[in-house]
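# A structural walkthrough
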Amino acid sequence: MPLVNMRDMLNHAYQNGYAVGGFDLVSLDFLEAILSAAEARRAPVILSLAESHFEYYDFELAMSASEAAARRATVPVAIHLDHGASFESAVKAINLGCNGVMVDASHEAFAGNVGITQRIVHMARACGVPVEGELGYVAGVEGEDAEKHPGEVVYTSVEEAEAYVQQTGVDFLAVSIGTVHGRMKGEPALDFERLQMINERLGIPLVIHGGTGLSDDQFHKLISNGVSKINYYTALADAAGSRMRNNAAADGRCGYTGIVKGIQDDMRAEIQRCMELWGSAGQADAVLGAAEAWQPVQHVIIYNVNREDDALVAAMMHEGKRVLSGIPGVRRVITGTAVQGGAKYQYSWLIEFVHEKVIDSYRADPVHVDFADMLFRPIAGDRISIDYLES
Ligand SMILES: [Zn+2]
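We now turn to the structure provided with this report. If you're wondering where the values come from, they're calculated on a predicted model, not measured in any experiment.

What follows deals with the side chain of Thr156. Within the fold, Thr156 resides in the loop between strand E5 (131-135) and helix H6 (158-168). Within the structure, Thr156 has its side chain in polar contact with the backbone oxygen of Leu135 (distance 2.5 Å). Excluding anything up to four places from it in sequence, Thr156 contacts Leu135, Gly136, Ala161, Val175, Ser176, Arg194 and Ile198.

Structure representation (structure tokens):
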């Protein structure tokens, strides 16, 4: 069960002076390259899915693949929503299996950013999911074209960072100290003095977006000043793109598999280089020992109905599936009818929670309370309800 609590993972990195890569994936080639690199280097790793990339792939399908890959890994893995654009995005990501979410309200003024972030932190915390906030503005978007989306870099101020973390309760903070998303011309100048002050004031894992193009020395200085997560995408996309152009040039008639041949090898080499450079290589076993395993809980109800009205029961189940599956922290809702006619209990619910904490937040959620009071309990008098931790 190598999915682990991302808060524990990054706290381990923070306390032990290294950084974990948050590698954005846009296809199975990325996913396989990231995890095979992590296995080869015995490194903890974060699979990152950026909302700005959802136009290139189906988020739901990519989550299924990411989770399946994480579960069969032998190194600790977390799955993170990168640059979530809204409260609804964060809920959807958590319900699909992300165990870390980033709120990007950094385009808002301070008060607006705090308000949006507070709401998401409150919801995510009730699901056991840590939140990354961002303060200041890292120009560009996740991608290869930062120079086309320049904007203005807005540096994170020390005072605002302290107030923001206190008021929102975010677990990690993405700071803006001179990096940009995507490719850059030349080596960026980073404000390490500012970073050092932020780190001394906050004492929580810091995150850098726009890792592509930094020198080895810059990475070392970032990490020695509290950076525990580095978002990395553009260099991987460039490595893949370069291989694909070479493949196409070598054989003008090659098809899809001919064009993508070898891109995983090139991405894996770059990811492994980062893992060595950032110090996460070799930390897998220590993180597995220090981090909570990320385990779902099965909320099981078996019941009988007091009224022999099949249509009423079917309508109740249908409505339950619809409303309960939208509650934060609910992975899936399955209803059942006994195969054997004479079963002691004729009907079942299997509701999967992302984390043990959801047992309480689900019970208190107004959507659940309404459904249970108005539709379920009035007809399901005879029932048993138990929560099981997956083992
Ligand atoms: Zn970013």
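Read around the closed barrel, the eight strands follow the order E1-E2-E3-E4-E5-E6-E7-E8; overall the barrel is parallel. In this sheet, neighbouring strand axes are inclined to one another by 25° on average, regardless of whether the strands run parallel or antiparallel. Both strand E1 (residues 20-24) and strand E2 (residues 45-50) contribute to a ladder of three bridges, which runs parallel. Following the sheet pairing, Phe23 is matched in E2 by Leu47. Each of E1, E2, strand E3 (77-84), strand E4 (100-103), strand E6 (172-175) and strand E8 (227-232) is contacted by helix H1 (residues 6-16), which is oriented at about 115° to E8, the strand it contacts most.

Below, the discussion takes up the pattern of salt bridges. Here the structure, examined in full by the defined rule, presents 21 salt bridges. Put simply, Glu67 and Arg71 hold a salt bridge, and the shortest N to O gap is 3.6 Å. Of this pair, Glu67 and Arg71 both sit in helix H3 (residues 59-72), separated by four residues, roughly a single helical turn. For Asp216, the salt bridge identified is with Arg273, shortest N-O distance 3.6 Å. Of this pair, Asp216 sits in helix H8 (residues 216-224) while Arg273 sits in helix H11 (residues 263-278), and the two are 57 residues apart along the sequence. Since its relative accessible area comes to 40%, Asp216 is described here as partly exposed. Arg273 sits in the partly exposed class, given a relative accessible area of 36%. Via salt bridges that share partners, Glu67, Arg71, Arg331 and Glu390 belong to a single interconnected network.

Criteria and cut-off values
- Residues numbered from 1 in each chain as written.
- Predicted model: local features only at pLDDT ≥ 70, side-chain atom pairs only at ≥ 80, totals over all residues.
- Heavy atoms only, no water.
- Helix = DSSP H or I, 4+ residues; strand = E, 2+ residues; numbered from the N terminus.
- Polar contact = N/O pair within 3.5 Å; in protein donor to acceptor, adjacent residues only side chain to side chain.
- Contact = heavy atoms within 4.5 Å.
- Pairing = 2+ DSSP bridges.
- Axes fitted to C-alpha atoms, helices over the stretch in contact; angles between N-to-C directions.
- Salt bridge = Lys/Arg side-chain N within 4 Å of Asp/Glu carboxyl O.
- Buried < 20%, exposed > 50% of the residue type's maximum accessible area, 1.4 Å probe, protein only.

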